[in-house]
Amino acid sequence: MAYGDLRDFVRALEQRGELKRIPFEVDPVLEIAEFADRSVKSGGPALLFEKPKGSSIPVLINAFASMRRMETALEVDSVEDVARRISEFLEMRMPEGLIGKLKMLPKLAEMGAVFPSIVSNGPCKEVILRDNFSLFDLPILKCWPQDAGRFITLPMVFSRNPDTGKRNCGCYRLQVFDERTTGMHWQTHKQGAEHYRRMRAAGTSKRMDVAVAIGADPATMYSAILPLPPDLDEMMIAGFLRQKPVEMVKCETCDLEVPAQSEIVLEGYVELGELRREGPFGDHTGFYSLDDDYPVFHVTCITHRKDPIYATTIVGPPPMEDFYMGKAIERIFLPLMRLQLPEIRDIAMPAEGIFHNLILVAIRKSYPGHARKVMHAIWGLGQAMFSKCIVVVDEDVNVQDTHEVAWKALNNIDPERDIQFVLGPVDSLDHSSRLANYGSKMGIDATRKWATEGFNRPWPDVIRMSDEVRARVDELWKRAGLDVKI
Ligand SMILES: Cc1cc2nc3c(=O)[nH]c(=O)nc-3n(C[C@H](O)[C@H](O)[C@H](O)COP(=O)(O)O)c2cc1C
Ligand SMILES: [Mn+2]
């Protein structure tokens, strides 16, 4: 059964011993972050701070911060199950014969259940604040000592594409500037920024409606971070993930809808052309991201449930909560990637690579230059374009084992021959590129080289003892008493 809302998910976490309540006062300024960092680094539970200093609203953090919690969030035994469901859809063809068609019905019904529905009211409207409200009433964290202030870190930011009318929902942090304004940190490659650019270019309006939902059922929250193609509605994907439509309700003061079961909703607008300094902010690279000019979000109305929960996260030196959210993306998106690039056997994004800095790719190599073709394809594939370093290995290398990749790749490369540099868009968080958002990327072809690639020396085998000798020594090992732990 799909979670109805965030508190359903909190209950499930608690039942599984995956959540700890903190009943005493803890400060949202730095202290909650330090708790969250220690907990995720030591494999600890999600945390629910019941008395954040300065607010009456409890704070939920690290709700997605382990593979088990990701599985609980997506209601699966393994995130691979989600990948399997996607594969089944992708392979779905109209079957032959009546029996075959009848067997399709449940799948078709499942498909119908993914589209969001509009409802006239919802729990997020239990309290509507049009005048007397302040963002300072929320327990918004200051995460790290050099942060420019308090940041809303896990919002669902809704906007509409002015050309197509399609909805987008992205997770973009919001720096609180005062009681009613925040920064709007949609990076230039993201859909919110694209909507903003298109509205500005159209010149028909001075304002862009934006609504921010904080806290909902976990699949809906999670959909905000998924690297989906433009104009693919995150709420539909959320419906697919939870296998139940997301109910959406109209905002009070702007022309957008938000999940009806949200905990807290900030309605408002971004003034086109207005920019303000945002940051620095302790980011998921493990460094402070530099301050920069970003649009400003003006809040016109806050609605919330009677007893809302404030959902948040912190990012910082890896692994943090977002590593687990990203790991699930890696697993879930593999079948989609393989639709375009079936030669890909597996991919891995180790925590130290912060998603965009390193992607390890195992391929079934079929023709000369194949590894380079795969690199270029990845650099042309949605947010994978940010991949600063792509290491391509043969399919017999297990990319989930970083030790094996380092060992084999470093042995297999002639650097001058096997490294490919390209220029192009880089992640906004890259502090080393020559320009913001523009820099170089590197592909390493660590596959075995072929004669048809100009390599005419023999290629050696990996060392492995023969099975026969291993079996014999298994016996002798025991006879020598070496299997007894001292
Ligand atoms: C905790 C967290 C915080 C994030 N903060 C930002 C942010 O401030 N700005 C941004 O552009 N992307 C941020 N992202 C990444 C986007 O949510 C992600 O790229 C998403 O796919 C964007 O959606 P879109 O393609 O609909 O724009 C964050 C992701 C996570 C998990
Ligand atoms: Mn999107």
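Keep in mind that this is a model prediction, so the values were computed, not measured.

A. Looking closely at the overall build of the protein. Within the protein, the secondary structure is distributed over 13 helices and 23 strands. Taken along its principal axes, the extent of the C-alpha atoms in the protein is 80 × 65 × 60 Å. In the protein, which comprises 486 residues, the proportion classed as buried is 53%. In the protein, of all internal contacts separated by at least 6 residues, the share reaching a separation of at least 24 is 71%. Counting only carbon and sulfur atoms, one obtains 54% of the accessible surface of the protein, whose full area is about 23,000 Å².

B. Examining the sheet that holds strand 18 (residues 310-311) more closely. Across the sheet, which stays open at both edges, the four strands sit in the order 1-2-3-18 with mixed pairing between neighbours. Of all the strands in the sheet, the pair left with one neighbour each is strand 1 (19-26) and strand 18. Seen against the sheet, helix 2 (residues 31-41) touches strand 1, strand 2 (46-52) and strand 3 (59-61) and runs at an angle of roughly 160° to strand 2.

C. Highlighting the coordination of the manganese ion (ligand 2). Summarising the metal site, the manganese ion (ligand 2) is bound by the protein donors Asn168 (OD1) and Glu234 (OE), whose distances to it range over 2.1 to 2.2 Å. Note that asparagine 168 is positioned in strand 8 (residues 167-170) and glutamate 234 in helix 8 (residues 234-242), a separation of 66 residues in sequence. Assessed through its relative accessible area of 4%, asparagine 168 is described here as buried.

D. Spatial organisation of empty space enclosed by the protein. Tallying each qualifying case throughout the model produces one cavity of 30 Å³ or more. In this structure, the largest cavity occupies an estimated 60 Å³ of space. Lining the largest cavity are His284, Pro318, Met320, Asp322, Phe323, Pro350, Ala351, Ile354 and Phe355. Residues that form the lining of the largest cavity fall into these classes: seven nonpolar, one polar and one charged.

E. Main features of the sheet that holds strand 4 (residues 117-119). Pairing in this open sheet of three strands is mixed, and the strands run 4-12-13 from one edge to the other. Of all the strands in the sheet, the pair left with one neighbour each is strand 4 and strand 13 (257-259). Direction aside, the axes of adjacent strands within the sheet are offset by 45° on average. The pairing of strand 12 (residues 247-250) with strand 13 spans three bridges and is antiparallel. Looking at the pairing, valine 249 lines up with valine 258 of strand 13.

F. Here's a closer look at the site of ligand 1. In the vicinity of ligand 1, 19 residues are found, and the nearest of them are Cys171, Tyr172, His185, Gln191 and Gln383. In this structure, an oxygen atom belonging to ligand 1 sits 2.9 Å away from a main-chain N or O atom of arginine 173. For ligand 1, whose free accessible area comes to 640 Å², the fraction covered by protein is 89%. If you tally residues by element for the shell around ligand 1, the top one is strand 8, at three residues. Looking at side-chain class alone, the shell around ligand 1 contains eight nonpolar, eight polar and three charged residues.

G. Molecular detail of the packing of aromatic side chains. For the coordinates displayed, the defined rule picks out nine aromatic pairs. Aromatic pair tyrosine 3 and phenylalanine 9: ring centres 5.5 Å apart, planes at 55°, arrangement tilted. The exposure class assigned to tyrosine 3 is buried, which follows from its relative accessible area of 11%. Given a relative accessible area of 0%, phenylalanine 9 falls into the buried group. Aromatic pair phenylalanine 151 and phenylalanine 281: ring centres 4.5 Å apart, planes at 50°, arrangement tilted. Residue phenylalanine 151 is found in strand 6 (residues 151-152), and its partner phenylalanine 281 is found in strand 15 (residues 281-282); the two are separated by 130 residues along the sequence.

H. Spotlight on the pairing of strand 12. Here strand 4 runs beside strand 12; their pairing, made up of three bridges, is parallel. Each residue of the ladder has a partner; that of valine 119, found in strand 12, is valine 249. Between the antiparallel neighbours strand 12 and strand 13 lie six residues.

I. View of a nonpolar patch on the surface. A cluster of nonpolar residues, Val473, Leu476, Trp477 and Leu482, forms a patch on the protein surface that exposes about 370 Å² of accessible area. The exposure class assigned to leucine 482 is partly exposed, which follows from its relative accessible area of 49%.

J. Examining unusual backbone geometry more closely. For the bond from glycine 279 to proline 280, the omega torsion is 0°, close enough to zero to count as cis. Mapping proline 280 onto the fold places it in the loop between strand 14 (264-278) and strand 15. For the peptide bond that leads from proline 318 to proline 319, omega is -5°, which places it in the cis range. With respect to the helices and strands, the residue proline 319 is situated in the loop between strand 18 and helix 9 (321-340). Positive phi outside glycine occurs at isoleucine 354, with the angle close to 50°.

Calculation notes
- Residues numbered from 1 in each chain as written.
- Chains lettered and ligands numbered in written order.
- Predicted model: local features only at pLDDT ≥ 70, side-chain atom pairs only at ≥ 80, totals over all residues.
- Heavy atoms only, no water.
- Helix = DSSP H or I, 4+ residues; strand = E, 2+ residues; numbered from the N terminus.
- Buried < 20%, exposed > 50% of the residue type's maximum accessible area, 1.4 Å probe, protein only.
- Contact = heavy atoms within 4.5 Å.
- Areas by Shrake-Rupley, 256 points an atom, 1.4 Å probe, with all protein chains shown as cover.
- Pairing = 2+ DSSP bridges.
- Axes fitted to C-alpha atoms, helices over the stretch in contact; angles between N-to-C directions.
- Donors = N, O, S within 2.8 Å, 3.2 Å for Na, K, Ca; no water.
- 1 Å grid on protein atoms, 1.4 Å probe; cavity = no way out; pocket = protein on both sides within 12 Å on 5 of 7 lines; lining within 4 Å.
- Points joined across faces, edges and corners; volume = space filled by probe spheres on them.
- Nonpolar A, V, L, I, M, F, W, Y, C, P; charged D, E, K, R; others polar.
- Near = heavy atom within 4 Å.
- Polar contact = N/O pair within 3.5 Å; in protein donor to acceptor, adjacent residues only side chain to side chain.
- Phe/Tyr/Trp six-rings, centres within 6.5 Å; stacked < 30°, edge-to-face > 60°.
- Patch = residues over 30% accessible without salt bridge, like charges linked within 9 Å, V, L, I, M, F, W, Y side chains within 5 Å.
- Salt bridge = Lys/Arg side-chain N within 4 Å of Asp/Glu carboxyl O.

So, to be careful, I would describe these as geometric facts and stop short of saying anything about function.
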